[in-house]
Amino acid sequence: QVQLVESGGGLVQAGGSLRLSCAASGRTFSRYGVGWFRQAPGKERDFVAAISWNGGSIYSADSVKGRFTISRDNTNTKTTVYLQMNSLKPEDTAIYYCAADLHGVTSRSNEYDYWGQGTQVTVSS
């Protein structure tokens, strides 16, 4: 079992920045691909970015390219995946979730094995 914990959300003005973190304990998590997704009120959950277990493959949604950067820090006992969000826009407002995929990295949410509880990001205009 892998438990994911997101942090770093909050309220920020348009044009500002936030860095989200997704942490999990256990050596096996370092072998998981990790994705970030977001869900705005009344909308479906959308793919944001994903990174393979070793950082060798990275994917981003067109809507965030050039503004958001995904990265990860693997250690022997803990793995943390970051989502650096710059030039934030009101339309980025959503609950952001991280998810872990044992079999690789993908933009398809239904292929992820574990999900965090989400962290709220609110961008004011």
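For the structure, check the block above.
Residues numbered from 1 in each chain as written. Predicted model: local features only at pLDDT ≥ 70, side-chain atom pairs only at ≥ 80, totals over all residues. Heavy atoms only, no water.

A.B. asks: I'd like a rundown of the state of the cysteines, residues and numbers included.
C.D. replies: Inspection of the entire model under this criterion finds 1 disulfide. Covalent S-S linkage joins C22 and C98, the inter-sulfur distance amounting to 2.1 Å. Across the S-S bond linking C22 and C98, the dihedral sits near 65°, which makes this disulfide right-handed. Pair noted here: C22 is in strand β3 (residues 18-25) and C98 is in strand β9 (residues 94-101), with a separation of 76 residues, a long-range link. Here C22 matches C98 in class, with each residue buried. (Disulfide = S-S within 2.5 Å. Helix = DSSP H or I, 4+ residues; strand = E, 2+ residues; numbered from the N terminus. Buried < 20%, exposed > 50% of the residue type's maximum accessible area, 1.4 Å probe, protein only.)

A.B. asks: Explain the pairing of β3 to me, and be specific about the residues and the numbers.
C.D. replies: Among the 8 residues that make up β3, 6 are buried, leaving the element largely enclosed by the rest of the structure. The sheet contact formed by strand β1 (residues 5-7) and β3 spans 3 bridges and is antiparallel. Bridge pairing links V5 to A23 in β3. By the bridge criterion, 8 bridges tie β3 to strand β8 (residues 78-85) in an arrangement that is antiparallel. Across the sheet, residue A23 finds its bridge partner in β8, namely T80. (Pairing = 2+ DSSP bridges.)

A.B. asks: Just give me the short version of the side chain of R38, but keep the residues and values in it.
C.D. replies: One can find R38 in strand β4 (residues 33-39). There is a polar contact of 2.9 Å between the side chain of R38 and the side chain of D92. At 2.9 Å, the side chain of R38 and the side chain of Y96 are in polar contact. Among all residues touching R38, those that are not within four sequence positions of it are E44, R45, D46, V48, S63, V64, F68, E91, D92, A94, I95 and Y96. (Polar contact = N/O pair within 3.5 Å; in protein donor to acceptor, adjacent residues only side chain to side chain. Contact = heavy atoms within 4.5 Å.)

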